[in-house]
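Residue-level structural notes
Each chain is listed here by its residues.
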Amino acid sequence: MDPPRRRRSAAQARGRHARVPLPPGPGFRRAPGGQQPADHARCPRGERAATVRHCELVATLRAVAAAHPAITLTLGARVTSVRHTTVVYTREGGPERHVRVRRIIGGDGQSSIVRRTIHSAGPAPTVSRTASVLLHGPALPEEGYGHVFAGDPGAVLAYRLDDDTVRVTIDIPLSPLRSTDLRSYVQRVYSRFLPGTLAGPLSTALERKTVQWAANRVRLRTFHGRGPYALVGDAVGTCHPLTASGLTIGLRDAECLARTEDVAAHGRRRRAAVRAHEHLAAAMHRIFCDPGRTTGDLRRSMYAVLRASGIERERMMRLLCAEELGPLPLTGAVLHVAGHALREQLVTGRCRTTWCTSVRACGDYLSWLRWMSRSPGHGWGG
């Protein structure tokens, strides 16, 4: 989700250059599974969401950059090293070229060569995998919405790219399974909580091996550069992709950096702005994928709270869209869900049996809240 100013800029760019189809949609439709009914979460302030193929987005951005009088766009180039303020690169396999600049900005992804040049850090830990597949011809349960199907052991997101194509992405826990066994596992476990219009085509795609796999890595956004070097986007860090916020955060990094020459000040502003979103991404990953009983209670309470309260739905969508920059909205949302879960257990659940059970349940929820207060780089197993 992009703020209005950025959406206007994108629309103007599409008017001047290649047109990118962006079918509008009002938000998300969540299907919790089991006997719970689906519900809807609309974009904040009645705005619209859009989807676009990666290749079309890249083509549009390149066209805008090429048309800008202050930008020299070089395609087919590969940076081989960065030496102080000199960038060394090759183009289409040719000889090395050198260009001296005043400032180097690394927007070159998780494996950023700029980051490796100025900061020694180990590889980002992998927390899960994503399987992505394009399905041709299926209908979605409710057209116009992005669909979230929640089930054990992970969430499935499905959204329409064009009149004929639906993209399905599946969050899969880490396991030692071989690739052939992994395909069978996905088909067996995830198809059961998908509607038939998607489960059948997904099974066919898995059998034909037309699936793209990606590792989901988490690196906290604590280092934004130093001296003449600055980092933006995934070069800074990454959170779990369930929130689908990488592009928005990267663009906001660039906007913030464009307003200052002070990389340290830029880093402080961006750390403060994104900290709550990192916690949200970690919490969403756990609440969808952790098989523990306490997390299951919280997951059901989250659905109940979101179904019952338009205010909570609005707050959750603002959090997902990275529009809430402070910790208070996320804290309020988490406490509301935890309070609902505890109340349900005290009134109708397992806490009605003995006081020991009540104390244990309270302790379980407090442990979850303590986990939320820790650095979001920690897993939930320890």
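Keep in mind the model is a prediction, meaning the values are calculated, not measured. Position numbers for residues count from 1 along each chain, tracking the sequence in the order it is written. Totals for whole chains, interfaces and linings use all residues, but because this is a predicted model, local features are given only for residues with pLDDT of at least 70 and pairs of side-chain atoms are given and counted only at 80 or more. As a rule here, side-chain values come from all non-hydrogen atoms in the structure, and water together with hydrogens is ignored.

The pairing criterion is simple: DSSP has to find at least two bridges between the two strands. The numbering of helices and of strands both runs from the N terminus, where a helix is a DSSP run of H or I of at least 4 residues and a strand a run of E of at least 2. What the 3 strands build is an open sheet, ordered β5-β6-β7; its pairing is antiparallel. A single partner strand is all that each edge strand has here, and the edge strands are β5 (77–83) and β7 (97–100). With strand direction ignored, the average angle separating the axes of adjacent strands in the sheet is 30 degrees. Bridge count between strand β6 (residues 86–91) and β7: 4 bridges; the pairing is antiparallel. Bridge pairing in β7 links Y89 to R97. Note on definitions: angles span 0 to 180 degrees between N-to-C directions of axes, and those axes are lines fitted to C-alpha atoms, for helices only across the stretch in contact.

What follows is about unusual backbone geometry. You will see that E92, though not glycine, has its phi angle at about 50 degrees, which is positive. Relative to the assigned elements, E92 resides in the loop between β6 and β7. Phi at A322 takes a positive value of approximately 60 degrees, unusual for a residue other than glycine. Within the secondary structure layout, A322 lies in the loop between α9 (310–320) and α10 (328–347).

This brings us to the nonpolar core. Among the nonpolar cores identified, the biggest contains 30 residues, and L280, F288, L298, L330 and M372 are the most heavily contacted of them. Listing elements by their share of this core, those giving two or more residues are β10 (146–151), α7 (263–289), α8 (293–308), α9, α10 and α11 (355–373). Take this core: its biggest share by element is 8 residues, from α7. Apart from the residues within four sequence positions on either side, M372 is in contact with H279, A283, L330 and V334. Among buried residues, the Ala, Val, Leu, Ile, Met, Phe, Trp, Tyr and Cys ones that are joined through side-chain atoms within 4.5 Å form a nonpolar core. A 1.4 Å probe rolled over the protein chains alone gives each residue an accessible area, and that area as a share of the maximum for its type sets the label: buried under 20%, exposed over 50%, partly exposed in between. Residue contacts are counted whenever heavy atoms from the two residues lie within 4.5 Å of one another.

Compared with the 28 Å implied by 1.5 Å per residue over 20 residues, the 28 Å span of α10 between its first and last C-alpha is a close match. The set of residues buried in α10 consists of P329, L330, A333, V334, V337, A338, H340, A341 and Q345. Buried residues of α10, viewed axially, fall in a sector of 165 degrees; they line one side. The span you would expect from a helix comes to 1.5 Å times its residue count less one. Our arc is simply the arc of the directions from the helix axis toward the C-beta atoms.

With that out of the way, let us pick up the pairing of strand β9 (residues 126–136). Both β9 and strand β13 (residues 212–217) contribute to a ladder of 6 bridges, which runs antiparallel. The residue bridging T130 from the neighbouring strand is A214, located in β13. Inspection of the sheet shows β9 paired to strand β12 (residues 165–173) by 9 bridges, in the antiparallel sense. Along β12, the bridge assignment pairs S128 with P173.

The next thing to look at is the packing of aromatic side chains. Two aromatic rings from Phe, Tyr or Trp, using only the six-membered ring of Trp, form a pair when their centres are within 6.5 Å; if the ring planes differ by under 30 degrees the pair is stacked, by over 60 it is edge-to-face, and anything between is tilted. Taken as a whole, this structure holds 3 aromatic pairs when the rule is applied. For the ring pair Y190 and F193, a centre distance of 5.8 Å and an interplane angle of 55 degrees mean the geometry is tilted. Summarising the burial analysis for this pair, Y190 and F193 share the class buried. When the centroid spacing of 5.2 Å and the interplanar angle of 65 degrees are considered together, the rings of W368 and W371 count as edge-to-face. With W368 and W371 both in helix α11, this residue pair falls 3 residues apart, about one helical turn. An aromatic cluster is present here, built from Y185, Y190 and F193 joined pairwise through their rings. For R286, the ring lying beneath its charged end belongs to W371, and the centroid distance is 4.8 Å. For a Lys NZ or an Arg CZ to count as sitting over a ring, it must be within 6 Å of the ring centre and within 35 degrees of the ring normal.

Relative to the helices and strands, S301 is located in helix α8. Take S301: its relative accessible area is 4%, and that puts it in the buried class. The definition of a polar contact used here is a pair of N or O atoms within 3.5 Å, where within protein one atom must be able to donate a hydrogen and the other to accept one, and adjacent residues in sequence count solely through side-chain atom pairs. Within the structure, the side chain of S301 is placed 3.1 Å from the side chain of H340, a separation counted as a polar contact. Apart from residues no more than four positions distant in its own chain, S301 is found in contact with V337, H340 and A341.

As a further point, take the pairing of β12. Most of β12 is tucked away, with 8 of its 9 residues classed as buried. Of the strand pairs in this sheet, strand β11 (residues 154–160) and β12 are connected by 5 bridges, and their pairing is antiparallel. Residue Y159 lies in a different strand from β12, and its bridge partner there is R167.

This part covers a nonpolar patch on the surface. There is a patch of nonpolar side chains on the surface, built from I71, L73 and L75 and spanning about 220 Å² of accessible area. Tracing the backbone shows L73 in the loop between α2 (54–67) and β5. For L73, a relative accessible area of 35% gives the class partly exposed. Nonpolar side chains (Val, Leu, Ile, Met, Phe, Trp, Tyr) within 5 Å and like charges within 9 Å form the patches, drawn only from residues with over 30% relative accessible area and no salt bridge. Each accessible area is a Shrake-Rupley result for a 1.4 Å probe, and residues are judged covered by the shown protein chains and nothing else. Think of a salt bridge as a Lys or Arg side-chain nitrogen and an Asp or Glu carboxyl oxygen that are within 4 Å of each other.

What follows covers the packing of α8 against α9. Taken N-terminus to C-terminus, the directions of α8 and α9 make an angle of 110 degrees; their axes are 5 Å apart at the nearest point. When the interaxial angle is binned, α8 and α9 end up roughly perpendicular. When α8 is examined against α9, the residues V305, L306, R307 and A308 are found in contact with a partner set consisting of G310, E312, R313 and M316. Any angle from 65 to 115 degrees is called roughly perpendicular, while one under 35 is roughly parallel, one over 145 is roughly antiparallel, and all others are oblique.

Another point: the environment of T197. Within the secondary structure, T197 sits in helix α5 (residues 196–207). Classification of T197 as partly exposed rests on a relative accessible area of 40%. Counting along the chain gives 56 residues from T197 to P141, while the straight-line C-alpha distance between them is 8.2 Å. Setting aside its immediate chain neighbours within four residues, T197 contacts P138 and A139. Engagement of the side chain of T197 in a polar contact is seen with the backbone oxygen of A139, the distance being 3.1 Å.

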